[in-house]
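Secondary and tertiary structure notes
Letter by letter, the chains look like this.
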Amino acid sequence: MNSDDPVSERQRGLLAILRGIIVVCSITVRTTPSATLSYIALTLIGSVAPVTAAWLFKLLLDGLNRDHTDTILWLAVSVAALGVVTGVIPQAARYARATLNREVGLVMQDRLFLAVEHLPGIGWFENPLFLDRLRLAQQAGQESASQAMDATLGLLRAGLIITGFLGTLFVISPVMSLIVMAAGIPLLVSEMILSRRRAKMLLDIGPVERREFFYMNLLSSVEAAKEVRLFGIGSFLRERMLVERRIANIAKRAMDRREGMVQSVLSLLSALVAGGGLLWAIDAVRRGALSLGDITMFVAAIAGVQGALVAFAGDTSRGSHALFLVDHYLAVIKAEPDLPVTPKLCTLPHLSHGIELRDVWFRYSDKHPWILCGVNLNIPYGKALALVGLNGAGKSTLIKLLCRFYDPTKGTILWDGVDIRQVDIGELRQRIGVLFQDYMNYDLSAKENVGLGDLSSLREKDDARIRRSAQRAGIHEKLETLPRGYETLLTRIFFNEADKGDSSTGVILSGGQWQRLALARAFLRDRRELMILDEPSAGLDAEAEHEIHTKLKVHRANDTSILISHRLSAVRDADLIVVLREGEIVERGDHNSLVAAGGAYSKLFKLQASGYETSTSVGDSSSIKID
């Protein structure tokens, strides 16, 4: 069937709603069975109470009219008791709902991010449609499950009230009960249509709201604050943010206008039915066809049915919206892995021979250009390999493939002869230590920033190992001098509970210090079989760069390692230097042979050397960087 067929779309929408209801009910019952049962019981009692109250008032008024004193006393006591019950029920239901909201929200959030954590690659995180779904799924994980449950029970409550009052009306006047029921059908149908349109509108403006959040984050984050102020781009970003907000507002305003017009017409219809029914009832009392209690019951039934219909429609709309978010939640937690999963895994051998890239090609999709083109490369065990090339040559992409963040579009990567696609991806990454060029700065303590390189050091409270890694990276002395030493938070965004009395204890490191901290994190993984260092000294001055590369040379001795650097002085001691250009290997060899060959490497090296000699002749001790 054509996916554009409206019947097919309607069926998919109904299936999504049913699937969402089943999931929500399953999660709530399993998470908090006592609170769920209490909430259901309170809902049922609250549904019966209005109809019961209407009947009691009818009987009470009829009793007063006939002067039945004993009956009146019991009816009055019953009405008072029912008033107490109806006063307590909303408070108890609110408490049960809050309990559901907290507990179910916690479980759903955990499941969502557990599913995100288990996505093996990074392809989904570069997919805008998935990111839109993820944003909506996060909203669902916060409150949508309880909202959907609340709306579902609200529909049950409204349905019971409508049934009870329609039954009452039928006893009084079958014709009027049919008229009231017929007047409610357009309300329900219109609300269902409007809820679907609102859900579609929210999905359509998802990218717009994400862009708005992007500009909002730039205007409020410390990372962007310096450039925003120095370049004076705050007004530019603010206007971009407001443009996105206005686009979203236009779509929402159109939806609100449509809803307002439809609901106004339906409200007018309800008012006409109620007014006409009241005139009929008054005439019936005058003719003696109805008692005073009957007319009170009739008025209560008309108001109760219409109020319940409005609540039913509102719960339908809210429930549809909540289930719409739950559907995105389910889409995220059931997302197919962005890397193929092999059912029967091979054992990953300890590296003893080397890693081979055999005719490796890569591009992000058929619409993208090739980034790697037929790369054949052997990384010998226990040797240091350097990757050299201008920006965009494919160096970082090659690293992503080795870490299996992506798989080659064509070709194979072999670890001691075993295809890395055939082994456990977690085991593969446990064997690799990496310092990425775009390393993370975590808003955590100094100890945690280092310890994240190997969580066992934090779990086992191995502070000595963390400190050794910091010493090797040349950042230990700095961390020791911080207000709380290694326990100091490296952020000014928030503070530890212990720092509430003095929020100034948070520290922001310089770029070079952050780079050393990231290097310490990589050093913590010194038990790994492959070490990858992507521009490990890019943010350091010449003296620090020399110090770091001296330590790296010692650290990498007799280990299998890959070094990427634009500064060719840092790679000259590598056992093998590979030059990439536009995704292809154009040269390979050691430093001396490549310089003697007079090719691309030789030209870059001589260019940097001449720039260094020129700069040092005027007192600058730094080497230049070819980007």
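Now for a quick tour of the structure. None of these values were measured; they are calculated from a predicted model.

Observations concerning the overall build of the chain
Assigned secondary structure in the chain consists of 19 helices and 10 strands. In terms of overall dimensions, the chain is more spread out than a globule: its C-alpha atoms have a radius of gyration of 35 Å, far above the 25 Å expected for 627 residues. Dimensions of the chain, computed from the C-alpha atoms along their principal axes, are close to 115 × 60 × 55 Å. Residues classed as buried in the chain amount to 44% of the 627 residues present.

Some points on the pattern of salt bridges
Tallied over the full model, the rule gives 17 salt bridges. Linking Arg358 and Glu356 is a salt bridge whose minimum nitrogen-to-oxygen distance equals 3.1 Å. Judged by relative accessible area, which is 42%, Arg358 ranks as partly exposed. Note on Glu356: relative accessible area 28%, which makes it partly exposed.

Here we look at the sheet that holds strand β1 (residues 354-362)
Sheet architecture is open: 4 strands sit in the order β2-β1-β4-β5, paired in antiparallel fashion. Only two strands of the sheet have a single partner each, and these edge strands are β2 (372-380) and β5 (418-419). Relative to β2, β1 runs antiparallel, the two being bridged by 6 bridges. If you follow Phe362 over to β2, its bridge partner there is Leu372.

Considerations on the side chain of His566
Among the structural elements, His566 can be located in the loop between β8 (560-564) and β9 (576-581). Judged by its relative accessible area of 7%, His566 is buried. Here Glu535 takes part through its side chain, which lies 2.4 Å from a polar atom of the side chain of His566.

Some words on the packing of helix α8 (residues 234-286) against helix α9 (residues 292-333)
Relative to each other, α8 and α9 sit at 170°, their axes nearing to 10 Å. The angle between α8 and α9 places the two elements in the roughly antiparallel class. Within the contact between the two elements, α8 uses Ser270, Val273, Ala274, Gly277, Leu278, Trp280, Ala281, Ile282 and Val285 and α9 uses Ile295, Phe298, Val299, Ile302 and Gln306. The residue inventory of the contact of α8 with α9, partitioned by class, reads 11 nonpolar, 3 polar and no charged.

Re the sheet that holds β9
Within a sheet, each strand pairs with its neighbour through backbone hydrogen bonds, oriented either parallel or antiparallel. The strand order β6-β7-β8-β3-β9-β10 describes an open sheet built from 6 strands, whose pairing is mixed. Whereas interior strands pair on both sides, the edge strands pair on one side only; in this sheet they are β6 (432-435) and β10 (584-589). With strand direction ignored, the average angle separating the axes of adjacent strands in the sheet is 15°. Alignment of strand β7 (residues 530-534) against β8, held across 5 bridges, turns out to be parallel. Paired with Asp534 across the strands is Ile564, a residue of β8. Here helix α10 (residues 395-402) sits on the sheet in contact with β3 (384-388), β6, β7, β8 and β9, set at roughly 150° to β8.

Observations concerning unusual backbone geometry
At Arg404, a position not held by glycine, the phi torsion is positive, near 55°. Assignment of secondary structure puts Arg404 in the loop between α10 and β4 (410-415). Using a relative accessible area of 3% as the deciding quantity, one classes Arg404 as buried. Of note, the phi angle at Lys461 is positive, near 50°, even though the residue is not glycine. Structurally, Lys461 is set in the loop between α13 (455-459) and α14 (463-472).

Description of the packing of aromatic side chains
Going through the model one piece at a time under the given rule, you end up with 9 aromatic pairs. Ring plane angle 75° and centroid distance 5.2 Å describe the contact between Trp361 and Trp370, whose orientation is recorded as edge-to-face. Exposure remark for Trp361: the relative accessible area of 23% places this residue in the partly exposed category. The exposure class assigned to Trp370 is partly exposed, which follows from its relative accessible area of 29%. A centroid spacing of 5.2 Å and a plane angle of 80° characterise the contact between Tyr364 and Tyr406, whose relative ring orientation is edge-to-face. Taken together, the residues span a long stretch of sequence, with Tyr364 in the loop between β1 and β2 and Tyr406 in the loop between α10 and β4 at a distance of 42 residues. Counting every residue linked through ring pairs, the aromatic cluster contains Trp124, Phe125 and Phe130. A cation sits over an aromatic face here: Lys410 above Trp361, 4.6 Å from the ring centre. Over the aromatic face of Phe523 sits the side chain of Arg472, whose NZ or CZ is 4.9 Å from the ring centroid.

Quick notes on a positive patch on the surface
Side chains of Arg196, Arg197, Arg253, Arg257 and Arg258 sit close together on the surface and give a patch of like positive charge. Mapped onto the positive patch, the elements with two or more residues apiece are α5 (174-204) and α8. Broken down by element, the positive patch gets its largest block of residues, 3 residues, from α8. With respect to the helices and strands, Arg196 occurs in helix α5.

Here's the deal with the nonpolar core
Grouped together as the largest cluster of nonpolar side chains are 41 residues, with contacts concentrated most on Val24, Tyr329 and Val332. Elements with a minimum of two residues in this core: α1 (6-31), α2 (33-66), α3 (69-117), α4 (128-172), α5, α8 and α9. With 9 residues, the top contributor of residues to this core is α4. Ranked by size, the runner-up nonpolar core spans 38 residues in total, among them Ile466, Ala473, Ala600 and Tyr601.

The rules behind these values
In this numbering scheme, every chain counts its residues from 1 along its sequence in written order. The predicted nature of this model means local features are confined to residues of pLDDT at least 70 and side-chain atom pairs, given and counted, to a pLDDT of 80 or more, with totals for whole chains, interfaces and linings taken over all residues. In computing side-chain properties, one takes all heavy atoms of the structure into account and sets aside hydrogens as well as water. The way it works is that DSSP assigns letters per residue, a run of H or I at least four long becomes a helix, a run of E at least two long becomes a strand, and they are numbered from the N terminus. Only the C-alpha atoms count toward the radius of gyration. The rule for a globule is 2.2 Å times the residue count to the power 0.38. Relative accessible area decides the class of each residue, using a 1.4 Å probe on protein chains only: under 20% of the type maximum gives buried, over 50% gives exposed, and in between gives partly exposed. A pair is scored as a salt bridge if a Lys or Arg side-chain nitrogen falls within 4 Å of a carboxyl oxygen belonging to Asp or Glu. Only strands that DSSP links by at least two bridges are regarded as paired with each other. Any pair of nitrogen or oxygen atoms within 3.5 Å is treated as a polar contact; in protein, a donor-acceptor pairing is required on top of that, and neighbouring residues in sequence qualify only through side-chain atoms on both sides. To obtain an axis, a line is fitted to C-alpha atoms, over the contacting stretch when the element is a helix, and the angle between two such axes runs from 0 to 180 degrees between their N-to-C directions. When an angle is under 35 degrees it counts as roughly parallel; over 145 it counts as roughly antiparallel; between 65 and 115 it counts as roughly perpendicular; any other value is oblique. Contact definition: two residues touch when any of their heavy atoms are within 4.5 Å. For this classification, the nonpolar set comprises Ala, Val, Leu, Ile, Met, Phe, Trp, Tyr, Cys and Pro, the charged set comprises Asp, Glu, Lys and Arg, and every other residue, Gly included, is treated as polar. Two rings belonging to Phe, Tyr or Trp (six-membered ring only in the last case) form a pair when the distance between their centres is within 6.5 Å. Interplanar angles under 30 degrees mark stacking, angles over 60 mark edge-to-face geometry, and anything in between is tilted. Two limits define a charge over a ring: the Lys NZ or Arg CZ must be within 6 Å of the ring centre, and within 35 degrees of the ring normal. The patches reported here contain residues having more than 30% relative accessible area and no salt bridge. Joining distances are 9 Å for like charges and 5 Å for nonpolar side chains (Val, Leu, Ile, Met, Phe, Trp, Tyr). Working definition of accessibility: Shrake-Rupley area with a 1.4 Å probe, residue cover restricted to the visible protein chains. Neither His nor the chain termini are counted; the positive set is Lys and Arg, and the negative set is Asp and Glu. To locate a charge, the coordinates of NZ of Lys, CZ of Arg, CG of Asp or CD of Glu are taken. In this description, a nonpolar core means a group of buried Ala, Val, Leu, Ile, Met, Phe, Trp, Tyr and Cys residues linked to one another through side-chain atoms lying within 4.5 Å.

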